[in-house]
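Survey of secondary and tertiary structure
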Amino acid sequence: MENIKTRGYTATDESGKLSPFEFERRPVGDDDILIDIKFASICHSDIHQEKGHWGKQIYPQVPGHEIVGIVSAVGKNVTKFKVGDRAGVGCMVDSCMECESCTHGEEQFCERGQTKFTYGFPNPAEPTGITQGGYSDKIVVRDHFAVHIPESISFEEAAPLLCAGITTYSPLMKANFKSGDKVGVAGIGGLGHLAVKIAVSKGAEVYAFTTTADKVEDIKSWGVKEVIVVDEEYKSMQAYGKTLDYMICTIPYQFNVTPYIMCVKPYGSFTLVGMPIKSEININNLMLSFARVNFNASLIGGIPETQEVIHYCAANGIRPSIEIISAEEINEAWGKVVNKEARYRYVIDAATF
C-alpha cells in the first residue's frame, strides 16, 4: 500500500500564518476509510493551537477538525461505510476502543490516554509523525471516528457541527433544562451561535451575552428572549443577577468569569466550553461560594453523540451561519476570527487547496 499524496494548508511556526503544503498520509488500513474532503471549517481552536497558546507544537501542522466529504476507499474490515457515502470527521481520529470510556461513547476521555486528536497529535503511523487535520483535500481515518452526514443537510452547513455543534450540544443535553427554562449563552461566535440555535430549538428562553454590539440583530433573528451587550464594567449584566437556570460559556480567552456566574440562580449550573490561552481561567472562589452555582467544564462529545447532533440539526432545520472561503483566504479569515468579525463560521472549499 502506498502513502496518499495530499494537498493542504499548514502552519510552520507560531506566527499563525498558513501556507500551501503537499504531504503524504498513511495508506488506508483494514479499519480505515479515505475521505475526499469537500469542506472544512475554521474553529478558534485551530488558531490557539497553531499559535502555541496551549503548549509547544510540532510543525509543519495542518489544522482543522470540522471535516466533511465523500468516502473514496474503505479497508477490508469496514462495514460502517461504503464508497460514495457522505462522511464527517470531528476532533478525534482514534482511541484504544477497549476501556470503559471508549466502549461507552466517550472516546475523548480514553482511560489509557490513547485518544488521538485530529491534528498535531503524535502518530507514528503517519509519514509526518503527527496527525494532520482537515485543511486539506483528503484524510485517512479509522472508520469508527467518522460519522454519517445525511442528505438533508449540505456539506458546508454540516461541517461546523463536527466541533462547534457537538461541543455545545453535549453539555446542553446534559444540563437537562426544561422547555421555558432560562438559558444563558455567553460569547456568540462559532460555538455560541450554535448553542443559541440548539437551546432555542429545545424550548429554552435564551439570553445571549455578547461584547459585540453589531451582532445584536443577527442574534435576535435566532429566536432569543434577550440580547445583553456586555460593557467593560459589566453594568449591563447586573439586572440579570440570579435569573438564569443554566449558562453555557464559549468565550475562548481569559475573562472575568464572576459577573457571568452571578447571573445564574443559586444551585443552577454554569458550563465552560471555551478554552483560553494556556487553558486556565481565574475565578473568585469566595464569590462562587456565595453564588452557590455548580461550575463545570465540558470537552467536545463522543462519537455516538456527534452522530446524534448531526441528525438532530439536519432534522430540525438548525443550520450554522456560514461564509464559504477559498484556501487563499484562510489567513485573512483567521484574523477576522481573532477580531470577532466572523459571522459566524468560515467554511473552506477544499477544491481550492
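First things first, this report covers the structure right here in the doc. (Residues numbered from 1 in each chain as written. Predicted model: local features only at pLDDT ≥ 70, side-chain atom pairs only at ≥ 80, totals over all residues. Heavy atoms only, no water.)

1. Some remarks on the packing of aromatic side chains
Pairs of aromatic rings are described using the distance from one ring centre to the other and the angle between the two planes. Applying the stated rule across the entire model yields 12 aromatic pairs. Geometrically, the ring pair formed by Y135 and W334 is edge-to-face, given 6.4 Å between the ring centres and 70 degrees between the ring planes. Pair noted here: Y135 is in the loop between β7 (116-117) and β8 (138-142) and W334 is in helix α10 (residues 330-338), with a separation of 199 residues, a long-range link. Neither Y135 nor W334 differs from the other in exposure class; each is buried. Sitting over the face of the ring of F155, R86 holds its NZ or CZ atom 4.2 Å from the ring centroid. (Phe/Tyr/Trp six-rings, centres within 6.5 Å; stacked < 30°, edge-to-face > 60°. Helix = DSSP H or I, 4+ residues; strand = E, 2+ residues; numbered from the N terminus. Buried < 20%, exposed > 50% of the residue type's maximum accessible area, 1.4 Å probe, protein only. Lys NZ or Arg CZ within 6 Å of the ring centre and 35° of its normal.)

2. What about helix α5 (residues 190-201)?
It helps to recall that an α-helix has 3.6 residues per turn; residues three or four apart then point in one direction. The terminal C-alpha atoms of α5, which comprises 12 residues, lie 17 Å apart, in line with the 16 Å expected from a rise of 1.5 Å per residue. The buried count for α5 comes to 10 of 12 residues, which makes it a mostly enclosed element. Where α5 is concerned, the buried positions are G190, L191, G192, H193, L194, A195, V196, K197, I198 and A199. Elements in contact with the buried residues of α5: α4 (164-175), β10 (182-186), β11 (205-210), β13 (244-249) and β17 (345-349). Just downstream of α5 lies G203, where phi reads positive at about 95 degrees. (Expected span 1.5 Å × (residues − 1). Contact = heavy atoms within 4.5 Å.)

3. So, the pattern of salt bridges
Applying the stated criterion to the full structure yields 20 salt bridges. Between K5 and E24 there is a salt bridge, with its nearest N and O atoms 3.4 Å apart. Of this pair, K5 sits in strand β1 (residues 4-11) while E24 sits in strand β2 (residues 18-25), placing them 19 residues apart in sequence. Given the relative accessible area of 63%, K5 is considered exposed. Note that E332 is salt-bridged to K336, the shortest N-O span being 3.3 Å. Taken together, the residues span about one helical turn, with E332 and K336 both in helix α10 at a distance of 4 residues. Taken together, the shared-partner salt bridges in this structure form one network comprising R7, D137 and K138. (Salt bridge = Lys/Arg side-chain N within 4 Å of Asp/Glu carboxyl O.)

Read these as geometric descriptors, not functional statements.
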